[in-house]
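# Examining the three-dimensional arrangement
Okay, here's what each chain looks like letter by letter:
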Amino acid sequence: MSRFGQGDGPTTIEDLMGGGLMSRLDRLDVLSRKIFSGKVHGERRSRRRGQSVDFADYRPYSAGDDLRFVDWNIYARLETLFLKLFLEEEDLSLAIAVDTSPSMDWGGPNKLGFCKRLAMSLGYIGLVNQHRVSLFGFDGDGVNPLTSLRGRRRTREMATWLLSLSAGAPGGMEEAMRSIALGRRGRGVLIVLSDFLEPDGYDAGLRYVTGGGDDVFCIQVLAPDELDPASRGLSGDVRLRDMETGEDCEITVTPALLRTYRERLDAFCNGLRDWCTRRGLGHLAIGTDVDMEVLLVEYLRKQGLLQ
Amino acid sequence: MSLLTPWAGFFLLVGVIPPLLLLYFLKLRRRTLPISSTMLWFSSTADLQANSPFQRLRRNLLLLLQLIILLLLILAIMQPRMEGPRGAGGRTVLLIDRSGSMTATDATASGDTRLERAIELAHEAIDRLHPGGLFTSGDGETMVIAFGETAEIIQPFTNSRAQLIAAIDRIEPTHGESHLGEALQLARVYSINTNPDNPDSPAVVPASLELFSDGRLSDLEDQVLRGETMTFHRLGEVDSVNLSVLQLAADRPWESPSAIEVFSSLGNFTTEDRRVDVQLSVDGVVRSIQEVEIPASVDGKPGRRSLVFAPFKLSRGAVIEVALLGEDALATDDTAVLVVPPPRQLKVALVSEDRQLMARLLGGFGLAKLELFTPAQWANREESDAWDVVVFDAVEPPSALQMPMLTLGSAPPSKELKVYGRQEESQVALQSKESHPVMQHVDVDSLFVQESESIQPSESVEVLLEGSRTPLIMAWDEGGASRLHVAFDPIQSTWPYEPGFVAFLYNTIDWLGHSNEALVQQQALPGSMFSFQVGAGNQDVTLVRPDGSTRSLTADANGLVTYGPVDLSGLHVLEYEEGESPGLRRSVLFPSIRESNIRPSESITLGQDSVVATTGEARAYVPLWPWAIGIAVLVLMLEWWIWSNRMGGSRLRSRTNPIGSS
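As a starting point, this report considers the structure included with it.

Criteria and thresholds
- Residues numbered from 1 in each chain as written.
- Chains lettered and ligands numbered in written order.
- Predicted model: local features only at pLDDT ≥ 70, side-chain atom pairs only at ≥ 80, totals over all residues.
- Heavy atoms only, no water.
- Helix = DSSP H or I, 4+ residues; strand = E, 2+ residues; numbered from the N terminus.
- Buried < 20%, exposed > 50% of the residue type's maximum accessible area, 1.4 Å probe, protein only.
- Contact = heavy atoms within 4.5 Å.
- Areas by Shrake-Rupley, 256 points an atom, 1.4 Å probe, with all protein chains shown as cover.
- Axes fitted to C-alpha atoms, helices over the stretch in contact; angles between N-to-C directions.
- Parallel < 35°, antiparallel > 145°, perpendicular 65-115°, else oblique.
- Nonpolar A, V, L, I, M, F, W, Y, C, P; charged D, E, K, R; others polar.
- Lys, Arg positive; Asp, Glu negative; His and termini not counted.
- Salt bridge = Lys/Arg side-chain N within 4 Å of Asp/Glu carboxyl O.
- Polar contact = N/O pair within 3.5 Å; in protein donor to acceptor, adjacent residues only side chain to side chain.
- 1 Å grid on protein atoms, 1.4 Å probe; cavity = no way out; pocket = protein on both sides within 12 Å on 5 of 7 lines; lining within 4 Å.
- Points joined across faces, edges and corners; volume = space filled by probe spheres on them.
- Disulfide = S-S within 2.5 Å.
- Pairing = 2+ DSSP bridges.

### Observations concerning the overall build of chain B
When helices and strands are counted, chain B shows 12 helices and 38 strands. Burial statistics for chain B: of 662 residues in total, 47% are counted as buried. Considering only contacts within chain B whose residues lie at least 6 apart along the sequence, 68% involve residues at least 24 apart. By element, 53% of the accessible surface of chain B is carried by carbon and sulfur atoms, the whole surface being about 33,000 Å².

### Some remarks on the overall build of chain A
Counting secondary structure elements, chain A contains 10 helices and 10 strands. Every one of the 307 residues in chain A was classed for burial, and the buried ones make up 53%. In chain A, 76% of the contacts between residues at least 6 apart in sequence involve partners at least 24 apart. Carbon and sulfur atoms form 45% of the exposed surface of chain A, whose accessible area is close to 13,300 Å².

### Some thoughts on the packing of helix H5 (residues 114-129) of chain B against helix H6 (residues 161-169) of chain B
In a packed pair of helices, the relevant descriptors are the angle between the two axes and the axis-to-axis distance. Residues and elements named next belong to chain B. Here H5 crosses H6 at 170°, and the two axes come no closer than 10 Å. The pairing of H5 with H6 is recorded here as roughly antiparallel in orientation. Across from Ile 119, Ala 122, His 123, Ile 126 and Asp 127 in H5, the residues of H6 making contact are Arg 161, Leu 164, Ile 165, Ile 168 and Asp 169. The residue inventory of the contact of H5 with H6, partitioned by class, reads six nonpolar, one polar and three charged.

### Considerations on the side chain of Asp 97 of chain B
All names here are of chain B. Within the element layout of this structure, Asp 97 appears in strand E4 (residues 91-97). One buried charged residue, Asp 97, remains without a salt bridge, the closest side chain of opposite sign being Arg 98 at 7.6 Å. Within the structure, the side chain of Asp 97 is placed 3.2 Å from the side chain of Ser 178, a separation counted as a polar contact. Within polar-contact distance, the side chain of Asp 97 engages the side chain of Ser 213 at 2.8 Å. In this structure, Asp 97 is in contact with Met 102, Leu 115, Phe 147, Ser 178, Phe 212, Ser 213, Asp 214 and Leu 217, ignoring residues within four places of it in sequence.

### Some remarks on empty space enclosed by the protein
Tallied over the full model, the rule gives two cavities of 30 Å³ or more. What lines the second largest cavity is simply Leu 197, Glu 226 and Tyr 261 of chain A together with Ile 35, Ser 36, Ser 37, Leu 40 and Trp 41 of chain B. The residue makeup of the lining of the second largest cavity, split by class, is five nonpolar, two polar and one charged.

### What about the state of the cysteines?
Residues and elements named next belong to chain A. Using the criterion set out here, one finds zero disulfides over all chains in the structure. Summary of cysteine pairing: Cys 276 is not part of a disulfide, and the nearest cysteine sulfur, belonging to Cys 218, is at 3.9 Å. Residue Cys 276 is classed as buried on the basis of its relative accessible area, which comes to 0%.

### Considering the sheet that holds strand E34 (residues 570-575) of chain B
Residues and elements named next belong to chain B. Read across the open sheet, the four strands follow the order E32-E31-E34-E35; overall the sheet is antiparallel. The sheet is open, and its two borders are formed by strand E32 (550-554) and strand E35 (584-588), each paired with just one other strand. Adjacent strand axes in the sheet meet at a mean angle of 25° when their direction is disregarded. One ladder, built from five bridges, connects strand E31 (residues 540-544) with E32; its direction is antiparallel.

### Concerning the sheet that holds strand E17 (residues 318-325) of chain B
Residues and elements named next belong to chain B. Sheet architecture is open: four strands sit in the order E14-E13-E17-E18, paired in antiparallel fashion. The sheet is open, and its two borders are formed by strand E14 (285-294) and strand E18 (335-340), each paired with just one other strand. Put simply, the sheet's adjacent strands are angled 20° from each other on average, direction ignored. Sheet topology note: the strand E13 (residues 274-282)/E14 ladder contains nine bridges and is antiparallel. Bridge pairing links Val 276 to Val 292 in E14.

### Remarks on unusual backbone geometry
It is generally the case that most residues other than glycine have a negative phi and that most peptide bonds are trans. Residue Pro 109 of chain A is reached from Gly 108 of chain A by a cis peptide bond, and omega for that bond is 0°. Here Pro 109 of chain A lies in the loop between strand E3 (93-99) and helix H4 (111-128). Here the bond from Gly 564 of chain B into Pro 565 of chain B is cis, since omega is -5°, no more than 30 degrees from zero. With respect to the helices, strands and loops of the structure, Pro 565 of chain B is situated in the loop between strand E33 (560-563) and E34. With a phi close to 60°, Gln 130 of chain A is a non-glycine residue in the positive phi region. The topology assignment puts Gln 130 of chain A in the loop between H4 and strand E4 (132-139).

### Points about the pattern of salt bridges
Residue and element names in this part refer to chain A. One pass over the full model with this rule turns up 33 salt bridges over all chains. Linking Arg 59 and Asp 65 is a salt bridge whose minimum nitrogen-to-oxygen distance equals 2.9 Å. In this structure, Glu 157 and Arg 154 form a salt bridge, with 2.6 Å as the shortest nitrogen-oxygen distance. In the salt-bridge network here, residues are joined through shared partners; they are Lys 111, Asp 195 and Glu 226.

Below, the structure written as structure tokens:
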């Protein structure tokens, strides 16, 4: 029987992402439901109308418009001038925020270690596709950023940074989200990796990143010890000590209590999912025992984050 | 519900429960586990507590279950038992009361007697105990005992339903008192099981007793239950009316032996004064009817009214009957009969050494014949002469004299008396048996005896006057005749100068002279024995009982017929053929003092056990400790299941990821 709540995180780059996985990730790309304007021309279509070959829309002609874009076929049919608008291809800003609060450094497999591996994989996909990748570690001590990475050669730098992440002070999501939202110079895809078990609630923090136009995706990471504590050795009369607040909760594990806990956990996850859905955010709750390749290739593709 | 060993359970309770509580609370040392967040756990426990008012109990459910198990085991040790209906199986003794009060006709509305109803109930008990089904015939055994004045085993233990029913139907009423003790003794004797492997230690298996009675039992104070369970089926109605003839006596006046005077005592066992017509019959012919009022009973004692009928001429023997006219619940005690012998003047022989005192006294008694003998004349008398009484005044009587005999100063040769010398020291009278007819109205307070015989009487001799040193007057039966011996010569005492001596002498002659006739003043009661002198030639005789039934009896070599114990009250007639001689008659009085009070008892008390009458089926103590053990085992299994679940035996179904998206 595994020890309840005990698990180790990755210690090497190979632990973060093996070679086999790396080769399979080369075929994936980050998909945004929104089209973003970037700093330089990239491989991604932007909402900004530009000079690409992809038709976007029509709009009535106004004085001063470039006559090269007038659709003369429509003029011949309707005798009204319309301009053809084209999408412009731009790069994508991919931001990955990793929760490093003490509650994340728990579980078997360890939640923080799982988040590091997932952030590594997502960041690698971004780098491979020439996106502008930024990483943030946040906890009660503040935000630890690694910004503006582009290209496959920055992979090692990103991995080293991820390996150096460790659990810090409790809480800090609200402040961190506010800081990340304000510090975002461009707009793009923001992926938040956390268990969202914030003592003060997650909604205050997430509200900062919903208004900025980023395509936000919340990946809720939970350990099997949280999903099914009885099977992970939680039994009898125990005193549970909160890693964030230090608060003790004395319980006698009974089937009824486990049933109620499971109901509360489902309600919490459903509450987060509904909150995200109502505000246009993506949400996925995942256990740390899931295979990383399955997660990336199946779940995240089904959720529309990757393609 | 009652407990057989409550103190054992109490001490266990004190000794076991506190240590369990102590151990349980010492055991509750929680291990501390770090967890990512207690937020959900807090809300879960709060939710659970909000939904369960007994959450505090549920948290200590194991302790609660362990306490229940211990309490159940302790309860089992205390051996609880509960009274409940008893079915087939085991040993049962049916005790059926057939005493006089059971002939009361108030058992049912149709006028059945209590005994008839008891037999019906006994049939129902047999149906219950021996249902006769293929799987229910069972191993139960039942015994039937009928009791009244005496107890009789009607049917020993058997599981044969047919035998039991036939035995119960054989039970007939008697008019004696109810004595339960003998019936209980018989039931216990037959309940002894002898182990063939160990015959020296028989085991008594207490039987279940079912008593069918009205509860008027005369010997209850001496009885106890020794582990048996008793069910009391009460019979009769509490408000039944009963009047009875308590006593009947007759006497021939001294001055007119050919007349007779009848005395009776009437009893009222109800709580109201009652008027009743009393009829006097002589040989079946009504002689008078009087209306009398009998006072109500007080404190359970019957109201009494004495009635003296006017003397009337009756120069022959007759059967006198006093009857209460009118119906009540118990008809048996409404009639009393008395056999009055014909007046007979006695022939007395006095054997003495020419002493005048006795001759003068006896001469004044109006005897039919008084003949004086010297010892020599007595020895040479004609054997054919018959005397009603022979008096030996200070002379040694001969042996083997089959006539009633009074001896004075010289004891007759008898196996009943052992004369071991003379008591030469003077003595006075110590104790007189005044209830004996001989000693009635005899004042012995100033009696002074100078010299007497030292006699050791046997147990069958009745001592009528005990002196301060030796027995002075004694009576017994020997050779079919009564004997009375005065151990001192009256001349050697102050007695001849006192009026009591005359009364004694008259009583003695009268008693000895009529001792073989039916008693007039003192009647026999059920349970007593009869003896008839029928003469040597009549070997087979017939006794006609009061209910008309007959019994064939056989006389012994001396012509003596004995019968008993008598079980019916009324007139018993012994018929035998000797020319035209009438049959010998005996009357038996109903024991009204005890049996005429027919108010049934609500309960009977045997020792410390009070058995309340039941109108339903038989009850028995059902032991509850096996149930307690069984429930304790079930709770133990439940406790084990809960414990194993808590210790990780239960697994919530794991859900595959993603979660929370359903």
